[in-house]
Amino acid sequence: MLTWLTACARKIDDSWSQSESITTLRRVVTGRTGAGKAIIVQNGVSPRVVTTETLPGLALVEVWATDAIPTLPIAPVDLTTTMKSFVPDPGGTRFRIVQFPGASDRAFDQEAFRREYLIKAPGLAEAMERQDSGMHTTDSVDYGVVISGEITLEVDDGATVHLKQGDCVVQNGTRHAWRNNHATPCVMAFVLVGAARENGSRLP
């Protein structure tokens, strides 16, 4: 899957306009009729898109979601509209596209952002640290690929790695943050797979 996503990323024009938003990205979902015939069941904009007033330019497009291990054929239910958490339980998945805004001199109210995010992105917002809202840890294995732009991945002790278009990341339930220090937005695709921690513990 990561190989395919990387190939797609490299076919996209490097210059993703700063004024262009991912909120109208097209989503195509397949399914089956009662007779087992493959059909297109959804073709259009995702019904669940998150943008924030406290951090202009941030956008999350929820492409698809599953709970536990999927059973085929998939039931004709779009869980992105009803899911209560943006982080899946063990065995569940979340597929989303995220646009990280470019660097700005605008004042950032971290507490106001946290309050807004708790309403708009439950589960993910709770994983964010109060001292640094960019740092977070989730009970999931995350597959990510940079679709456009550049970004810095930060982990513990200030260790960082610079990522550019086509680069892939496997995030194994570790503490991390995404830092966009460039003037232009960075767009990434993520698939989160819900995971259980040792001794059955879950992060608070």
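Okay, so let's go over this structure. Note that the coordinates shown come from a computational prediction; the quantities given were computed from them, not determined experimentally. (Residues numbered from 1 in each chain as written. Predicted model: local features only at pLDDT ≥ 70, side-chain atom pairs only at ≥ 80, totals over all residues. Heavy atoms only, no water.)

1. Here we look at the nonpolar core
Note that soluble globular proteins tend to have their nonpolar side chains buried in a common cluster.
So, step 1. Of all hydrophobic cores here, the largest spans 25 residues; its most connected members are L60, F100, Y117, L124, W178 and M188.
So, step 2. Residue assignment for this core shows that the elements contributing at least two residues are β4 (59-66), β5 (93-100), α2 (110-120), β7 (150-154) and β11 (186-194).
So, step 3. Tallying contributions element by element places β11 first for this core, with four residues.
So, step 4. Of all hydrophobic cores here, the second largest spans nine residues; its members include I22, V63, V145 and V187. (Core = buried A, V, L, I, M, F, W, Y, C linked by side-chain atoms within 4.5 Å. Buried < 20%, exposed > 50% of the residue type's maximum accessible area, 1.4 Å probe, protein only. Helix = DSSP H or I, 4+ residues; strand = E, 2+ residues; numbered from the N terminus.)

2. A word on the sheet that holds β7
So, step 1. Spatially, the three strands line up as an open sheet ordered β8-β7-β10, and their pairing is antiparallel. At either end of the open sheet lies a strand with only one pairing partner, and these are β8 (160-164) and β10 (177-179). On average, each strand axis in the sheet is inclined to that of its neighbour by 30 degrees, with strand direction left out of account.
So, step 2. Across five bridges, the pairing between β7 and β8 is antiparallel. Directly across from T152, in β8, lies its bridge partner H162. (Pairing = 2+ DSSP bridges. Axes fitted to C-alpha atoms, helices over the stretch in contact; angles between N-to-C directions.)

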